[in-house]
Amino acid sequence: PFEGEGEPWMGPAPRATCAEGDSKDGTISGLSEDLRCNLELLGEVAAPHFLSLAWHKECAYVNGPDGTTVIQVAADGKPTVTTTLTEVGFRSNWESMKANSMSGLLAGYEANGSLLTTYDLNTDCAKPELASSLRLDGALSASIGHAGSFSPDGTIYYASSMYTGEIFAVDLASPKAPKLITTEFEAGAHDLFIGKNGTRGYFAVPDVVTQALGVGSFAIMDLSQVQARAAGAKGTKISELTWQDGS
């Protein structure tokens, strides 16, 4: 079930039953020990890592402080580094790097500035082709990249700036000619997810006045106008829930 279908799960998730020989979790999953429950390590390769990780087909993209490592995984699980992406939007891009399976695009939003860079993965995921870079200058001087999300069809990328709460909806239907659709949203976002055929947004809204982590809310947004590329498109708030860890 997804987005209104079926009954929601309201209880705690049951503890997994690990296979014989797996590392057991004696405290909180994954925090205090190397936990591998029902997982088998097939291969590994060194890659500088910051925060973002994305994947498309048999390829993974690991973002580091100075670039993004492209890794192709063979059928037997052996990973191989094929190249490093060093365009500005792929150097230290926080939580913004996302790949979309529908459009075959990979996007990264610069963490130390406002440049959104897009690569095309359709020819070969191991050799991304640079499509474009677009500067997203907001109304506030602190508008720098932090997070982002594609619409399900992969033709719109929503870039968010944590420090200002601003959101930029960018039309990537023509990846080599990106266009800003709107920055008009009734709620900002630290991070966000887009669903329901691109018409629904789920925003974790920070407190941009105090810039305090752990203070904010969760907003459900109507993005119908943005998905339709309507003139004067605006993301409108359907509902909002405030709680202590809302950033």
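This text goes with the structure placed above it.
Anyway, here's the lowdown on the structure attached to this text. (Residues numbered from 1 in each chain as written. Predicted model: local features only at pLDDT ≥ 70, side-chain atom pairs only at ≥ 80, totals over all residues. Heavy atoms only, no water.)

Here's the deal with the pairing of strand β9 (residues 147-150)
Part 1: Alternating positions in β9 separate into two faces, A147 and S149 on one and G148 and F150 on the other, with burial throughout.
Part 2: Note that β9 and strand β10 (residues 156-160) share 4 bridges and pair antiparallel. Residue pairing for β10: G148 is matched across the bridge by A159.
Part 3: Hairpin remark: β9 followed by β10, antiparallel, with 5 residues in the connecting loop; positive phi at G154, about 75°. (Buried < 20%, exposed > 50% of the residue type's maximum accessible area, 1.4 Å probe, protein only. Helix = DSSP H or I, 4+ residues; strand = E, 2+ residues; numbered from the N terminus. Pairing = 2+ DSSP bridges.)

Points about the nonpolar core
Part 1: Grouped together as the largest cluster of nonpolar side chains are 16 residues, with contacts concentrated most on Y158, F185, F203, M221, L223 and V226.
Part 2: Breaking this core down by element, the ones donating at least two residues are β10, β11 (167-171), β13 (191-195), β14 (200-207) and β15 (212-222).
Part 3: Sequence-distant contacts of F185, defined by excluding residues within four places in its chain, comprise Y158, I167, A169, F203, M221, L223, V226 and G235. (Core = buried A, V, L, I, M, F, W, Y, C linked by side-chain atoms within 4.5 Å. Contact = heavy atoms within 4.5 Å.)

Let's talk about the environment of V45
Part 1: With respect to the element layout, V45 can be found in the segment before β1 (53-56).
Part 2: For V45, a relative accessible area of 35% corresponds to the partly exposed category.
Part 3: Residues V45 and K78 lie 33 residues apart in sequence; the distance between their C-alpha atoms is 8.6 Å.
Part 4: Look past the residues within four positions of V45 in its chain and what remains in contact with it is I71, P79 and V81.

Topic: the pairing of β1
If a strand is regular, its side chains alternate between the two faces of the sheet.
Part 1: On β1, burial follows the alternation: A54 and H56 on one face are buried, whereas L53 and W55 on the facing-out side are not.
Part 2: In the sheet, β1 pairs with strand β2 (residues 59-63) via 4 bridges, with the strands oriented antiparallel. Across the sheet, residue A54 finds its bridge partner in β2, namely Y61.
Part 3: Counting the residues between successive antiparallel strands, the hairpin from β1 to β2 contains 2 residues, one of them, K57, with a positive phi of roughly 55°.

What about the pattern of salt bridges?
Part 1: Evaluated as defined, the whole model comprises 3 salt bridges.
Part 2: Among the salt bridges present, the one from E186 reaches K234, with a minimum N-O distance of 3.6 Å. Here E186 is found in the loop between β12 (179-182) and β13, whereas its partner K234 is found in the loop between α1 (224-227) and β16 (236-243), with 48 residues between them in sequence.
Part 3: Here E186 falls in the partly exposed class, since its relative accessible area comes to 37%.
Part 4: A relative accessible area of 33% means that K234 is categorised as partly exposed.
Part 5: Here E240 ties to K237 by a salt bridge, and the two come within 2.6 Å at their closest N and O atoms.
Part 6: On the basis of relative accessibility, which here comes to 37%, the residue E240 falls in the partly exposed class. (Salt bridge = Lys/Arg side-chain N within 4 Å of Asp/Glu carboxyl O.)

Remarks on the packing of aromatic side chains
Geometry of an aromatic ring pair is reported as the spacing of the ring centres plus the angle between the planes.
Part 1: Summed over all chains, the structure comprises 6 aromatic pairs.
Part 2: Arranged with centres 6.4 Å apart and planes meeting at 10°, the rings of Y202 and F218 form a pair that is stacked. Here F218 lies in strand β15 and Y202 lies in strand β14, a separation of 16 residues in the sequence.
Part 3: In this structure an aromatic cluster arises from ring pairing among Y158, F185 and F203. (Phe/Tyr/Trp six-rings, centres within 6.5 Å; stacked < 30°, edge-to-face > 60°.)

Here's the deal with the sheet that holds strand β4 (residues 79-85)
Part 1: Spatially, β1-β2-β3-β4 is the arrangement adopted by the 4 strands of the open sheet, whose pairing is antiparallel. Looking along the sheet, the strands with just one partner apiece sit at the ends: β1 and β4. Within the sheet, the average angular offset between the axes of one strand and its neighbour, ignoring direction, is 25°.
Part 2: Here β2 pairs with strand β3 (residues 68-73) via 5 bridges, running antiparallel. (Axes fitted to C-alpha atoms, helices over the stretch in contact; angles between N-to-C directions.)

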